[in-house]
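# Descriptive analysis of the structure
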Amino acid sequence: MFKKNRRLALSICSLLFLVTSAHSDHLTLYVPIMDDSPQQHLFFHDLLNRALKEAGHELTLVSKKLPQLRIKKYMDEGELSIFWALESAALNKKYIPIKVGLTDGFIGKRVLLIKEGDQFLYDSVKNLNDFQQLNLVAGMGRGWFDVDIWEKNQLKYKESSGNWKSIFKMIPYGRDYHYISRGVNEIISEATQYPDLEIEKKLVFIYDRDFYFYLSKTGTHSGNEFKNIIEKAMINAEKSGLIKKLNEKYWPDVLKQLNYDSRIKIHLEMP
């Protein structure tokens, strides 16, 4: 009888262990879809899925469609578990950074989207000082880290008070904004959406930053408890080449299409 009870107890313990292990191998993350950039999430969601799968975890993503300006509010309240943003000291303090670059440096290589026919304004630029002398105004979304970079490098800018996408439609009028700076992984698809704009042909502005994943610290859907799992998965994704592979999948040959090698490289100081 004792042996029978002992075997039963061991079986129950084994079952509990399996249930616990299965539960720990499954993550549910609450993630944003930006309604003002409805395709942007595809790369980041795909990367999360594949990286965690490679690390032996199952993942459920619960999506919330939000305007960009509300994402940080939802992160503050723990309604979102994770989001992606250009790495900054302020975000590193406010949220939990997963310190692995996500876009293979593409987002820190900035090309200008300008008014169609304005290329002649940029043709004489050979360095940062030349560009400063143009006194052209960049369009920026409210709270973008680029604002700090442009200020540090004494470049003019104006922040949009509403949806940052309105900048694209206002550039052709040339009153508030003359251009918008975009990552090489963003600009080609965006240029096709706005026929009154064109990609500036000669310059690329470079700064040493990339997108990180950020986890919320507290709240109902906080990503904090998954920090170690996600961090290990992303480090493995970098080492295995998964991040590079997905960048090539979503943004194939972007450097070649933009004639990146022949562009004048203007390195910007970081704030």
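This one's a predicted model, so the numbers in the text were calculated from it and none came from an experiment. (Residues numbered from 1 in each chain as written. Predicted model: local features only at pLDDT ≥ 70, side-chain atom pairs only at ≥ 80, totals over all residues. Heavy atoms only, no water.)

### Things to note about the pairing of strand E11 (residues 211-215)
E11 sits mainly inside the fold: five of its five residues count as buried. What you see with E11 is no split at all: Phe211, Phe213 and Leu215 on one side and Tyr212 and Tyr214 on the other are buried throughout. Of the pairings in the sheet, the one linking strand E3 (residues 82-86) to E11 comprises five bridges and is antiparallel in character. Counted as the bridge partner of Ala85 is Tyr212 from E11. Both strand E4 (residues 96-98) and E11 contribute to a ladder of three bridges, which runs antiparallel. (Buried < 20%, exposed > 50% of the residue type's maximum accessible area, 1.4 Å probe, protein only. Helix = DSSP H or I, 4+ residues; strand = E, 2+ residues; numbered from the N terminus. Pairing = 2+ DSSP bridges.)

### Points about the nonpolar core
The biggest cluster of nonpolar side chains holds 81 residues, and the ones touching the most others in it are Leu47, Phe131, Trp150, Tyr179, Phe213, Ile230 and Met234. The element best represented in this core is helix H2 (residues 41-54), accounting for six residues. Ignoring anything within four residues of it in the chain, the contact list for Trp150 reads Ala138, Met140, Leu155, Lys156, Tyr157, Tyr179, Ser181, Tyr207 and Leu268. (Core = buried A, V, L, I, M, F, W, Y, C linked by side-chain atoms within 4.5 Å. Contact = heavy atoms within 4.5 Å.)

### Describing helix H10 (residues 242-250)
Of all the residues in H10, the buried ones are Leu242, Ile243, Leu246 and Asn247. When H10 is viewed along its axis, its buried side chains cluster within an angular range of 135° and face the same direction. In this structure, the buried residues of H10 make contact with H2 and helix H9 (227-240). (Arc of directions from axis to C-beta.)

### A short note on the sheet that holds E3
With antiparallel pairing, three strands are arranged side by side in an open sheet as E3-E11-E4. Two strands in the sheet have a free side with no partner beyond their single neighbour: E3 and E4. Geometrically, the sheet is characterised by an average inter-axis angle of 40° between neighbouring strands, direction not taken into account. H9 rests against E3, E4 and E11 of the sheet, and its axis sits at about 25° to E4. (Axes fitted to C-alpha atoms, helices over the stretch in contact; angles between N-to-C directions.)

### Considering the confidence of the model for the chain
For the chain, mean pLDDT is 89; residues scoring 70 or higher make up 90% of the total. Scored below 50 in pLDDT, residues 1-24 shows two contacts in the model against residues more than four places distant or in partner chains. (pLDDT = per-residue confidence, 0-100.)

### With respect to the side chain of Asp210
Structurally, Asp210 can be placed in the loop between strand E10 (203-206) and E11. The buried charged residue Asp210 lacks any salt bridge partner; its closest oppositely charged side chain belongs to Lys109, at an N-O distance of 8.1 Å. Looking at Asp210, its side chain comes within polar contact range of the main-chain nitrogen of Asp104, at 3.4 Å. The contact partners of Asp210, leaving out residues within four places of it in the chain, are Ala85, Leu86, Glu87, Gly101, Leu102, Thr103, Asp104, Gly105 and Ile107. (Lys, Arg positive; Asp, Glu negative; His and termini not counted. Salt bridge = Lys/Arg side-chain N within 4 Å of Asp/Glu carboxyl O. Polar contact = N/O pair within 3.5 Å; in protein donor to acceptor, adjacent residues only side chain to side chain.)

### Considerations on the side chain of Glu87
Residue position: Glu87 is located in the loop between E3 and helix H4 (89-94). Of note is the side chain of Glu87, whose polar atom sits 2.8 Å from the side chain of Asn92. Once you skip the residues sitting within four places of it in the chain, Glu87 turns out to touch Asn92, Phe145, Arg209, Asp210, Tyr212 and Tyr214.

### Examining the pattern of salt bridges
Following the criterion strictly, the structure yields 14 salt bridges and no others. A salt bridge links Asp46 to Arg50; the nearest nitrogen and oxygen atoms lie 3.0 Å apart. Of the two residues, Asp46 and Arg50 are both situated in helix H2; the distance of four residues between them amounts to about one turn of the helix. Measuring nitrogen to oxygen at the nearest pair gives 2.8 Å for the salt bridge that ties Glu190 to Arg182.

### With respect to H9
With 14 residues, H9 extends 20 Å between its outermost C-alpha atoms, agreeing within 8% with the 20 Å of an ideal straight helix rising 1.5 Å per residue. Every buried residue belonging to H9 is among Ile230, Ala233, Met234 and Ala237, and all of these are buried. For H9, the arc enclosing every buried residue in end-on projection is 95°, short of the 170-degree limit, so these residues lie on one face. Residues of H9 that are exposed and point more than 90 degrees away from the buried face comprise Asn228, Lys232 and Lys239. In the core, the buried residues of H9 are packed alongside strand E1 (26-34), H2, E3, E4, E11 and H10. Positive backbone phi, approximately 90°, marks Gly241, located one or two places after H9. (Expected span 1.5 Å × (residues − 1).)

### Observations regarding the packing of aromatic side chains
In this structure the tally under the stated criterion is 17 aromatic pairs. The interplanar angle of 80° and the centroid separation of 5.0 Å between the aromatic rings of Phe43 and Phe44 together place this pair among those described as edge-to-face. Both residues of the pair, Phe43 and Phe44, belong to the buried class. Site record: aromatic cluster; members linked through ring pairs are Phe43, Phe44, Trp84, Phe211, Phe213, Tyr250 and Trp251. In this arrangement the basic side chain of Lys265 is found over the ring face of Tyr260, its NZ or CZ atom lying 4.9 Å from the centre. (Phe/Tyr/Trp six-rings, centres within 6.5 Å; stacked < 30°, edge-to-face > 60°. Lys NZ or Arg CZ within 6 Å of the ring centre and 35° of its normal.)

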